Structure formats: C-alpha cells, structure tokens
Amino acid sequence: MNRNHGFTLIEAMIVMAIVGILAAIAIPSYQSHLRKGYRATAQAFMMEIVNRQNQYLLDARNYAVGSAALTTLNVSTPADVSKYYAVTITPAAPATPPAFTIVATPVTGAGQDADGVLTLDNSGAKTRNSQPGW
C-alpha cells in the first residue's frame, strides 16, 4: 500500500479560515491599544503644558496663548505626539480674566481620527470628541 503524506486541500482551507478569523479579531484590538497609547502620550504632553502655563501665569500675570504660545513656554511638541496630533493653545490673544484651552486635533490619516479632538482648559475641564472626560 502506498500512502500519501500531507495535508488535503480541505484541511488547508480550514486552517486559512481559522487564521483569517483570528486576524479579523486581533488586528482591530491591536490598533485600539495603539490608539489609546498615542492618546495617553498626547494627554501627558497637554498636562505638561498646563504646568508650564501655571508657572508662566505667576511670572507674567497672563497665560501664553496664540500661535507662539508653545515657543513662549519653551515647550516643543515631542515627535510621538506631533506625528498623531496638532497641538494649539487658544484664544489667539490674552483675555480678561486670563484663560486658555489646549486643543489636540488628530492628524488626518494618522489613525487617531476615531478619538476626536482632545481639549484641556485652565480650569482642568477635559473633553474628548466633545464628550466630558478623557
């Protein structure tokens, strides 16, 4: 008797189907974990800006706002944040009473679009995608 050793076409197809199902479950979960990690990095950077703003308020009696605010605070956006978020500080000019809002807008096509815009203001109010809290 001559017996062939190996896999049949049906066995190979079943294995491919199982691998496909596992990949369909695992890949979105992995991407979700990456998105949460990038969001946490951006949130930590925003908290650093808040600390710098509070120090600046003690010295200048106003917050650093507008397009040059990060430069005024001597803060540069880390590469792992700027790759996924554009961080700005509003309003464009000093206000009375002093106030600011840090806005982290996801960079289009970088994978953070589902998160929406992150905001943090001088009172500590945080929003993500216009919903309270992070």
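Going by the structure above, here's the rest.
Cut-offs and rules
- Residues numbered from 1 in each chain as written.
- Predicted model: local features only at pLDDT ≥ 70, side-chain atom pairs only at ≥ 80, totals over all residues.
- Heavy atoms only, no water.
- Helix = DSSP H or I, 4+ residues; strand = E, 2+ residues; numbered from the N terminus.
- Buried < 20%, exposed > 50% of the residue type's maximum accessible area, 1.4 Å probe, protein only.
- Contact = heavy atoms within 4.5 Å.
- Core = buried A, V, L, I, M, F, W, Y, C linked by side-chain atoms within 4.5 Å.
- Phe/Tyr/Trp six-rings, centres within 6.5 Å; stacked < 30°, edge-to-face > 60°.

1. Focus: the side chain of Gln53
With respect to the helices and strands, Gln53 occurs in helix 1 (residues 9–60). Judged by relative accessible area, which is 0%, Gln53 ranks as buried. Apart from residues lying up to four places away in sequence, Gln53 is in contact with Tyr63, Ala64, Leu73, Ile89 and Phe100.

2. Re the nonpolar core
Formed by 22 residues in total, the largest nonpolar core has its most connected members in Ile49, Tyr85, Val87, Ile89, Phe100 and Ile102. Elements supplying a minimum of two residues to this core: helix 1, helix 2 (69–72), strand 1 (85–90), strand 2 (101–106) and strand 3 (118–121). No other element matches helix 1, which puts 5 residues into this core. Apart from the residues lying within four places of it in its own chain, the contact partners of Val87 are Phe45, Ile49, Leu70, Val81, Ile102, Val103 and Ala104.

3. A few points about the packing of aromatic side chains
By the definition in use, this model includes 2 aromatic pairs. Ring geometry for Tyr38 versus Tyr84: centroids 3.9 Å apart, planes at 15 degrees, classification stacked. Of this pair, Tyr38 sits in helix 1 while Tyr84 is found in the loop between helix 3 (79–82) and strand 1, placing the two residues 46 residues apart along the sequence. The class for Tyr38 is partly exposed, based on a relative accessible area of 25%. The buried category is assigned to Tyr84, whose relative accessible area is 11%. Where Tyr63 meets Phe100, the ring centres are 4.6 Å apart and the plane angle is 70 degrees; that geometry is what we call edge-to-face. Of this pair, Tyr63 sits in the loop between helix 1 and helix 2 while Phe100 is found in the loop between strand 1 and strand 2, placing the two residues 37 residues apart along the sequence. According to the relative accessible area criterion, Phe100 is buried, its value standing at 1%.

These figures come from the coordinates and say nothing about function on their own.
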